[in-house]
Protein chains: 2
Amino acid sequence: MQPSAILEAALYVDDLDEAERFYGETLGLKRIARAEGRHVFFQCGRGVVLLFDADATQAPPAPDARLPVPPHGARGQGHLCFAASGEEIERWKAHLTKAGIAVEADFEWPNGGRSIYFRDPSGNSLEFAEPRIWGLTSED
Amino acid sequence: MQPSAILEAALYVDDLDEAERFYGETLGLKRIARAEGRHVFFQCGRGVVLLFDADATQAPPAPDARLPVPPHGARGQGHLCFAASGEEIERWKAHLTKAGIAVEADFEWPNGGRSIYFRDPSGNSLEFAEPRIWGLTSED
């Protein structure tokens, strides 16, 4: 038995409004949930990108909470990578540059496949990469 | 244009050896990379779980680095959720309990679907959840 897929990846942000604009408008992801002051969530293919305010998620649930989600919350720059084809990476680079977002790094991996890196408004390190950098194909 | 999938989700750990045992043996994921003192990576379906030592990843790349991966690194308890069917969640709960790992929460979401939560050795909050908690199916 082994986990079959990543369902949710989480990052922590300083400002939920700013994060919602960036992930929803600049990246074009579909918002599927928002809890004021706590989180905003976006669908990404078969997965979900969770953006949290760590001040809110570090609080333990109430003893009688109906949904006793355990506390978590990190500080500093996290990392998340989206899958993209080589052609999509080229288009994303142009799109980000046009939106005034710096592409911090852009290179080919030794075994083939390209990555570009940029930052969300909270400084998290985001990446677009071809799945083949891990030997994965879109059919895996 | 929007990102089509999460390719990599990252967590930060205190001890890479301990993390490798937990994710590789207890969870049964396949290790696909290790850089001593910096990271250990595991394949998870079409994605990759990245476990980093933040002390190493916070250092900027050398000016002439062949692969100038931008710095990142968070402190505190992150969160990651794996997809699982209802039947798999039942089996994971038994498996974790047998391995001496506490299941910190176990509940049904209001719109249907179950989640269980536990911790990795560094205290990151891990979850198994049914994709239908987000209206997703295994065919999405």
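About the cut-offs
- Residues numbered from 1 in each chain as written.
- Chains lettered and ligands numbered in written order.
- Predicted model: local features only at pLDDT ≥ 70, side-chain atom pairs only at ≥ 80, totals over all residues.
- Heavy atoms only, no water.
- Least-squares fit on C-alpha atoms with pLDDT ≥ 70 in both.
- Contact = heavy atoms within 4.5 Å.
- Pairing = 2+ DSSP bridges.
- Helix = DSSP H or I, 4+ residues; strand = E, 2+ residues; numbered from the N terminus.
- Axes fitted to C-alpha atoms, helices over the stretch in contact; angles between N-to-C directions.
- Core = buried A, V, L, I, M, F, W, Y, C linked by side-chain atoms within 4.5 Å.
- Buried < 20%, exposed > 50% of the residue type's maximum accessible area, 1.4 Å probe, protein only.
- Salt bridge = Lys/Arg side-chain N within 4 Å of Asp/Glu carboxyl O.
- Expected span 1.5 Å × (residues − 1).
- Arc of directions from axis to C-beta.
- Phe/Tyr/Trp six-rings, centres within 6.5 Å; stacked < 30°, edge-to-face > 60°.
- Domains from an automatic or database assignment.
- Buried area = accessible area lost by both parts, 1.4 Å probe.
- Polar contact = N/O pair within 3.5 Å; in protein donor to acceptor, adjacent residues only side chain to side chain.
- Nonpolar A, V, L, I, M, F, W, Y, C, P; charged D, E, K, R; others polar.

Caption draft 1: Broad picture of the relation of the copies chain A and chain B. You can overlay chain A on chain B at an RMSD of 0.0 Å; the transform is a turn of 180° with a shift of 0.0 Å along its axis. This pairing of chains is accounted for by a two-fold axis. Same-surface contact between copies: 100% of interface residues of chain A are shared with the interface of chain B.

Caption draft 2: Representation of the sheet that holds strand 4 (residues 47-52) of chain A in the model. Ordered by their spatial adjacency, eight strands build an open sheet running 2(A)-3(A)-4(A)-1(A)-6(B)-9(B)-8(B)-7(B), and the pairing between neighbours is mixed. Strands with a single pairing partner mark the edges of an open sheet, and in this sheet they are strand 2 (30-35) of chain A together with strand 7 (105-108) of chain B. Shown here is a sheet whose adjacent strand axes are inclined to one another by a mean of 20°, direction ignored. Alignment of strand 6 (residues 79-83) of chain B against strand 9 (residues 125-129) of chain B, held across five bridges, turns out to be parallel. If you follow Ala83 of chain B over to strand 9 of chain B, its bridge partner there is Ala129 of chain B. Here helix 1 (residues 16-26) of chain A sits on the sheet and contacts strand 1 (6-12), strand 2, strand 3 (39-44) and strand 4 of chain A; the angle it forms with strand 3 of chain A, its principal contact strand, is near 10°.

Caption draft 3: Highlighting the nonpolar core. Core analysis: the biggest nonpolar cluster contains 52 residues, and Tyr23 and Leu27 of chain A together with Tyr23 and Leu27 of chain B have the highest contact counts within it. Excluding residues that lie within four positions of it along the chain, Tyr23 of chain B makes contacts with Leu11, Gly28, Leu29, Phe42, Leu51, Asp120 and Leu126 of chain B.

Caption draft 4: Region of interest: the pattern of salt bridges. Evaluated as defined, the whole model comprises 22 salt bridges over all chains. Between Glu36 of chain B and Arg34 of chain B there is a salt bridge; the shortest N-O distance is 3.0 Å. For Glu36 of chain B, a relative accessible area of 66% translates into the label exposed. What makes Arg34 of chain B partly exposed here is its relative accessible area of 22%. By sharing partners, the salt bridges in this structure join Asp17, Glu20, Arg31, Arg34 and Glu36 of chain A into a single network.

Caption draft 5: Broad picture of helix 3 (residues 86-98) of chain B. Residues and elements named next belong to chain B. Given a rise of 1.5 Å per residue, 13 residues ought to cover 18 Å, and the 19 Å separating the end C-alpha atoms of helix 3 matches this to within 8%. Turning to helix 3, its buried residues number three or more, namely Ile89, Trp92 and Leu96. Each buried residue of helix 3 sits inside an arc of 60° when the element is viewed along its axis, so together they form one side. Contacts from the buried residues of helix 3 go to helix 1 (16-26), strand 8 (114-119) and strand 9. Positioned one or two residues after helix 3, Gly100 has a phi angle of 80°, which is positive.

Caption draft 6: Region of the structure containing the packing of aromatic side chains. Per the stated rule, a full pass over the model turns up 22 aromatic pairs over all chains. Centroid distance Phe22 of chain B to Tyr23 of chain B: 5.4 Å. Interplanar angle 80°. Geometry classified as edge-to-face. Ring geometry for Phe41 of chain B and Phe52 of chain B: centres 5.4 Å apart, planes at 80°, overall edge-to-face. Placement of the pair is Phe41 of chain B in strand 3 (residues 39-44) and Phe52 of chain B in strand 4 (residues 47-52), with a sequence separation of eleven residues. Through a chain of ring-to-ring contacts, three or more aromatic side chains come together here, namely Phe22, Tyr23, Phe42, Phe82, Trp92, Phe118 and Phe128 of chain A.

Caption draft 7: Local environment of the domain arrangement of chain A. Residues and elements named next belong to chain A. Entries for chain A in the domain assignment read domain 1 (1-75) and domain 2 (77-140). Summarising the inter-unit geometry, the C-alpha centres of domain 1 and domain 2 are found 21 Å apart. Between domain 1 and domain 2, the contact holds 15 residues from the first and 18 residues from the second. In total, domain 1 and domain 2 occlude about 1200 Å² of area from one another, counting both sides; carbon and sulfur atoms represent 71% of this. The largest contributions to the domain 1 side of the interface with domain 2 come from Leu11, Phe22 and Leu27, which together make up 44% of the buried area. Here domain 1 and domain 2 share zero salt bridges between them. For the pair domain 1 and domain 2, the number of links is four residue pairs in polar contact (both at pLDDT 80 or more). No other element matches helix 1, which puts four residues into the side of domain 1 that touches domain 2. For the side of domain 1 that touches domain 2, a count of residues per class yields ten nonpolar, one polar and four charged.

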